[in-house]
Each structure stands twice: as structure tokens, then as C-alpha cells.
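Topology and contacts: notes
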Amino acid sequence: MSRLLLLGTGTPAPLVHRAGSSYLLQTGEQTLLIDCGPGSVRRLLEAGIQTTDIDALLLTHLHYDHCVDYGYLALTRWDQGIGQVDELQVIGPAPVQHMTDRLFATDGVYGPDLAARTQHPGSHFIYECRGGAMPRTPPTPVAREVAHGDTISGSGWRLDVAEVVHVQPQLTCLAYRIETAEGETIVFGGDTAPTAALTDLSRDADVLLHMCHFINGAIEDPRLTSCCSGHLDAAHTAADAGVKTLVLVHLTEMMETPGVRERLLGEIAQIFAGQVIFSEDLLDVPLGQIATKQIR
Ligand SMILES: [Zn+2]
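This text gives an overview of the structure that appears in the document. (Residues numbered from 1 in each chain as written. Predicted model: local features only at pLDDT ≥ 70, side-chain atom pairs only at ≥ 80, totals over all residues. Heavy atoms only, no water.)

Within the protein chain, the secondary structure is distributed over 10 helices and 14 strands. For the protein chain, whose C-alpha radius of gyration is 20 Å, the value lies close to the compact-globule estimate of 19 Å for 296 residues. Each principal axis of the C-alpha atoms in the protein chain carries an extent, and together these give about 65 × 50 × 35 Å. Expressed as a percentage of contacts within the protein chain between residues at least 6 apart in sequence, the contacts between residues at least 24 apart total 63%. When the accessible surface of the protein chain is split by element, carbon and sulfur atoms take 53% of a total near 13,200 Å². (Helix = DSSP H or I, 4+ residues; strand = E, 2+ residues; numbered from the N terminus. Rg over C-alpha atoms; globule rule 2.2 N^0.38 Å. Contact = heavy atoms within 4.5 Å. Areas by Shrake-Rupley, 256 points an atom, 1.4 Å probe, with all protein chains shown as cover.)

Here it is, written out as C-alpha cells:
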């Protein structure tokens with residue numbers, strides 16, 4: 001069985017207990033990171049996982065609460081990897097290639113840092129203390145832009161891509177369906193308003209991670225409801241797609257008041273009969289039937 005670990009379950013609003021969107025999937029011999037919002041690299045360390053363990057980063061879209069730790073992840077992975085880890089593979093919508101270039105190119109955001117770390121004698125000393133062998137070369141993450149309908153075969157896993165409805169035309173947002181090397185199907189819905197594209201992508205999935213940005217009924221302004229989802233929207237998508245487990249992510253402070261989640265669960269159950277999980281950072285998501293622990 002593969003492992004699905006929630007690293008960040010929050011939103012752009014900074015919260016101590018919820019990092020920005022980020023999920024870890026370990027399948028076969030590979031470790032994938034889906035989104036890397038603010039604080040997600042720290043969550044990795046809290047989970048006992050090193051950045052050098054990450055093989056590929058999949059970005060659903062380039063809102064900063066989903067990608068701001070990209071630079072940090074790639075830089076510390078390269079720095080600690082001392083030339084002994086493969087380049088980070090990055091999959092995402094356009095313009096992720098441009099973002100990668102502007103971050104890591106010689107004249108990019110981190111160009112002066114990378115020049116110092118690859119050329120200054122003090123950095124050479126530390127690099128050799130870590131076990132690195134000269135010469136030292138800068139990181140060159142390998143970005144691959146994907147779009148609706150694309151399919152990628154990974155190392156034992158398979159990725160299907162669908163475009164969902166978020167903040168186009170300024171930003172494209174994608175959802176990812178991953179069939180793991182162990183045979184589970186997990187859908188990362190990205191940020192989205194209700195859309196048939198996500199329902200179709202989620203058909204019969206074991207797990208659907210779905211945005212739950214607001215409480216339906218409490219917010220009805222079409223400026224928000226046309227680009228984000230509430231709890232009932234997630235329930236309808238999960239029910240229509242026939243998924244087994246719905247994980248509500250991208251949670252706001254609307255759901256933090258005691259008793260509110262319990263009410264929402266009751267409303268969701270009127271629509272979706274499967275298993276429902278309100279997400280927490282560092283929660284391991286059960287990928288099969290959720291069993292009750294033994295009493296003791
Ligand atoms: Zn977004």
C-alpha cells in the first residue's frame with residue numbers, strides 16, 4: 001500500500017496549525033510532492049522526511065499558497081544532495097517552465113546565491129565537509145508543462161491531468177489523478193469550483209482530495225462560488241464520481257469553530273454516502289476501508 005500524508009491543509013491565510021497546500025505520496029520506489037505551499041518543507045521535516053527524498057514535485061497551479069516553497073525545496077534538496085541526487089522533476093501547468101527559469105537561471109532570483117555557493121571558497125569547504133566532490137554545479141530542476149488530457153507514466157505510477165475551474169484566464173489550475181504502483185487511485189482536485197472535468201477525473205477513485213474553502217449557504221457571492229468550492233460542492237462531486245473516501249482540504253477558519261464540522265458532516269452525509277475526512281496537517285490518510293481501533 002502506498003502512503004498519502006497531508007502536509008499542508010490550509011489556504012493563503014497564515015495559520016500556525018495549517019501550512020499551505022501540500023501532500024506527500026509515496027508509491028513504489030518514488031516519493032512525490034503534490035503542491036508545496038508555505039510551510040510545507042517544514043512539515044516534511046516534522047514527518048521525518050528529507051527534501052532529498054523527493055523525486056518529483058507536481059504543482060496544480062501557481063497560486064503562492066500552492067507553490068511558494070518550490071524555491072526552498074529545490075535549493076535545500078540540491079544543497080544537501082551534494083550532487084548525489086537526480087535533478088528535481090517538476091510537473092505543472094504553464095508557465096512553470098518560465099517560473100523555473102526565473103528562479104534558478106544565472107540571472108534569476110537565486111542566481112547570486114547559486115553563484116556564491118558554487119564559487120566561493122567558504123561554500124566549497126562546507127560542500128566538501130558534507131561529502132561533496134568538486135566541481136560544484138548549480139541545480140537545474142527539470143520542468144515539464146502539462147495540460148488537460150495529458151497522461152504521464154511515472155516509475156510504476158500513472159498520472160492523468162484535467163483542467164479545473166479556478167481563476168482562469170490569469171492562472172490555469174489542474175487536477176491530477178494518480179494510479180499508484182500499488183493499485184490505488186488518488187485524485188488531487190486542485191482549487192476549483194464544481195466542474196464535470198473533476199467529476200470525470202475522479203470516477204471510482206479510492207480517495208479524492210477536494211477543496212472546501214467555504215460553507216455553502218454561508219457564502220453565496222458568485223465571485224467566490226464561481227472559482228472555489230464549499231462542503232456541499234465537494235460532497236456532490238464525490239457522490240457523482242462514486243469515490244470511496246472524500247478528504248476535505250484547503251480549509252478556512254470558517255470550519256474551525258467547535259461543532260461546525262460536525263454539522264457540515266451531517267449535511268455532507270445527506271449527499272455522499274462514502275467515508276469523509278476533515279484534513280489536518282501531518283495526517284496519514286487511510287487508503288482503504290477505515291477501520292476502528294481496538295479498545296483497551
Ligand atoms: Zn488557488
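Don't stop here, the text continues.
Think of a ball as big as a water molecule: rolled over the atoms, this probe shows where empty space is left. In the structure shown here, the tally under the stated rule is one cavity of 30 Å³ or more. Its boundaries defined by the atoms lining it, the largest cavity holds a volume of some 70 Å³. Around the largest cavity sit 13 residues that line it, and Tyr-23, Gly-189, Gly-190, Leu-209 and Val-249 are the ones nearest its centre. (1 Å grid on protein atoms, 1.4 Å probe; cavity = no way out; pocket = protein on both sides within 12 Å on 5 of 7 lines; lining within 4 Å. Points joined across faces, edges and corners; volume = space filled by probe spheres on them.)

Applying the stated rule across the entire model yields three aromatic pairs. Ring plane angle 70 degrees and centroid distance 5.6 Å describe the contact between Tyr-70 and Phe-104, whose orientation is recorded as edge-to-face. On the criterion of sequence distance, the pair formed by Tyr-70 in helix H3 (residues 70-81) and Phe-104 in helix H4 (residues 96-104) is long-range, its members being 34 residues apart. With relative accessibility at 8%, the residue Phe-104 sits in the buried group. Sitting above the plane of the Trp-78 ring, Arg-136 keeps its charged end 4.1 Å from the centroid. (Phe/Tyr/Trp six-rings, centres within 6.5 Å; stacked < 30°, edge-to-face > 60°. Buried < 20%, exposed > 50% of the residue type's maximum accessible area, 1.4 Å probe, protein only. Lys NZ or Arg CZ within 6 Å of the ring centre and 35° of its normal.)

All right, on to the side chain of Gln-30 then. Within the element layout of this structure, Gln-30 appears in strand S3 (residues 30-34). According to the relative accessible area criterion, Gln-30 is buried, its value standing at 18%. Here Trp-157 takes part through its side chain, which lies 3.1 Å from a polar atom of the side chain of Gln-30. Excluding anything up to four places from it in sequence, Gln-30 contacts Leu-25, Asp-55, Ser-155 and Trp-157. (Polar contact = N/O pair within 3.5 Å; in protein donor to acceptor, adjacent residues only side chain to side chain.)

Time to look at the packing of helix H5 (residues 111-119) against helix H6 (residues 121-129). The contact between H5 and H6 brings their axes to 5 Å, and the two run at 65 degrees. With respect to their mutual orientation, H5 and H6 come out roughly perpendicular. Here Ala-116, Arg-117, Thr-118 and Gln-119 of H5 come into contact with H6, specifically with Pro-121, Ser-123 and His-124. Taken together, the residues of the contact of H5 with H6 sort by class into two nonpolar, four polar and one charged. (Axes fitted to C-alpha atoms, helices over the stretch in contact; angles between N-to-C directions. Parallel < 35°, antiparallel > 145°, perpendicular 65-115°, else oblique. Nonpolar A, V, L, I, M, F, W, Y, C, P; charged D, E, K, R; others polar.)

Once that is clear, we can look at the layout of surface pockets. Quantified by volume, the largest pocket comes out at close to 260 Å³. If you go around the largest pocket, you meet 19 residues; those closest to its centre are Gln-30, Asp-55, Ala-56, Gln-89 and Trp-157. Considering only residue class, the lining of the largest pocket consists of nine nonpolar, five polar and five charged.

For the zinc ion, the full set of protein donor atoms is His-61 (NE2), His-63 (ND1), His-166 (NE2) and Asp-191 (OD), and the range of their distances to it is 2.2 to 2.3 Å. Counting gaps between the donor residues of the zinc ion yields the pattern H-x1-H-x102-H-x24-D. (Donors = N, O, S within 2.8 Å, 3.2 Å for Na, K, Ca; no water.)

Looking at the secondary structure, you find Thr-27 in strand S2 (residues 22-27). Classification of Thr-27 as buried rests on a relative accessible area of 0%. With 25 residues separating them along the chain, Thr-27 and Ser-2 place their C-alpha atoms 4.8 Å apart. Residues within four places of Thr-27 in sequence aside, it is in contact with Ser-2, Leu-32, Trp-157, Thr-180, Ala-181 and Glu-182.

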